Amino acid sequence: MKELEERTRTGYEGTITLSSNEFVEMLILDGCFVLELFQGAAVGFRRLGYGRNDTVFAMRGSMHAIQRDMIMLENQLPLFVLDRLLGIQLDEPDRRERLPS
């Protein structure tokens, strides 16, 4: 993920004050969360081991706030970041080569 840092930083408006490690950590944590959210939406959160009353993924929980926050432009992750993380998850590290820059 470290090699995507510069490319990712240029996609955001303004100066990002996070250190290199903090920024990459943010990309990984946010990206993994988004992939988990997509996976849960596809197969069901209960199948992933989340309880019906999970404080994050239950529909009565913070899911609506998460959806609202995800559509805000400043909160969006570049697709190539998600693709890299998905490639790591699927043990297909060259997955990123399939997407245009």
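Residues numbered from 1 in each chain as written. Predicted model: local features only at pLDDT ≥ 70, side-chain atom pairs only at ≥ 80, totals over all residues. Heavy atoms only, no water.

A. Geometry of the pattern of salt bridges. According to the stated counting rule, one finds two salt bridges in the structure shown. With its nearest N and O atoms 2.2 Å apart, the salt bridge here joins Arg84 to Glu3. Pair noted here: Arg84 is in helix H4 (residues 79-89) and Glu3 is in the segment before helix H1 (5-9), with a separation of 81 residues, a long-range link. The class for Arg84 is buried, based on a relative accessible area of 7%. In this structure, the salt-bridge partner of Arg9 is Glu5, at a minimum N-O distance of 2.9 Å. Residue Arg9 and its partner Glu5 are both found in helix H1; the two are separated by four residues, about one turn of the helix. In this structure Glu5 comes out as buried when scored by relative accessible area, which is 12%. (Salt bridge = Lys/Arg side-chain N within 4 Å of Asp/Glu carboxyl O. Helix = DSSP H or I, 4+ residues; strand = E, 2+ residues; numbered from the N terminus. Buried < 20%, exposed > 50% of the residue type's maximum accessible area, 1.4 Å probe, protein only.)

B. Representation of the packing of aromatic side chains within the structure. Tallying each qualifying case throughout the model produces two aromatic pairs. On the numbers, 6.4 Å between centres and 90° between planes, the contact of Tyr12 with Phe23 is edge-to-face. Remark: Phe23 occurs in helix H2 (residues 20-43) and Tyr12 occurs in the loop between H1 and H2; sequence separation between them is 11 residues. Summarising the aromatic geometry, the rings of Phe45 and Tyr50 are spaced 6.2 Å apart at their centres and angled 75° between planes, so their arrangement reads as edge-to-face. Its relative accessible area of 16% is what places Phe45 among the buried residues. We note Arg7 situated over the ring of Phe80; from NZ or CZ to the ring centre the distance is 3.7 Å. In this arrangement the basic side chain of Arg9 is found over the ring face of Phe23, its NZ or CZ atom lying 4.4 Å from the centre. (Phe/Tyr/Trp six-rings, centres within 6.5 Å; stacked < 30°, edge-to-face > 60°. Lys NZ or Arg CZ within 6 Å of the ring centre and 35° of its normal.)

C. Highlighting the environment of Cys32. Along the polypeptide, Cys32 turns up in helix H2. Measuring from C-alpha to C-alpha, the distance between Cys32 and Leu85 comes to 7.1 Å, with 53 residues separating the pair along the chain.

D. Layout of the nonpolar core. Judged by nonpolar contacts, the single largest core of 13 residues is most densely connected at Met1, Leu27, Leu77, Val81, Leu82 and Leu85. If you list the elements that add at least two residues to this core, you get H2 and H4. Leave out the neighbours within four places in its chain, and Leu77 touches Tyr12, Leu27, Asp30, Gly31, Val34 and Leu82. (Core = buried A, V, L, I, M, F, W, Y, C linked by side-chain atoms within 4.5 Å. Contact = heavy atoms within 4.5 Å.)

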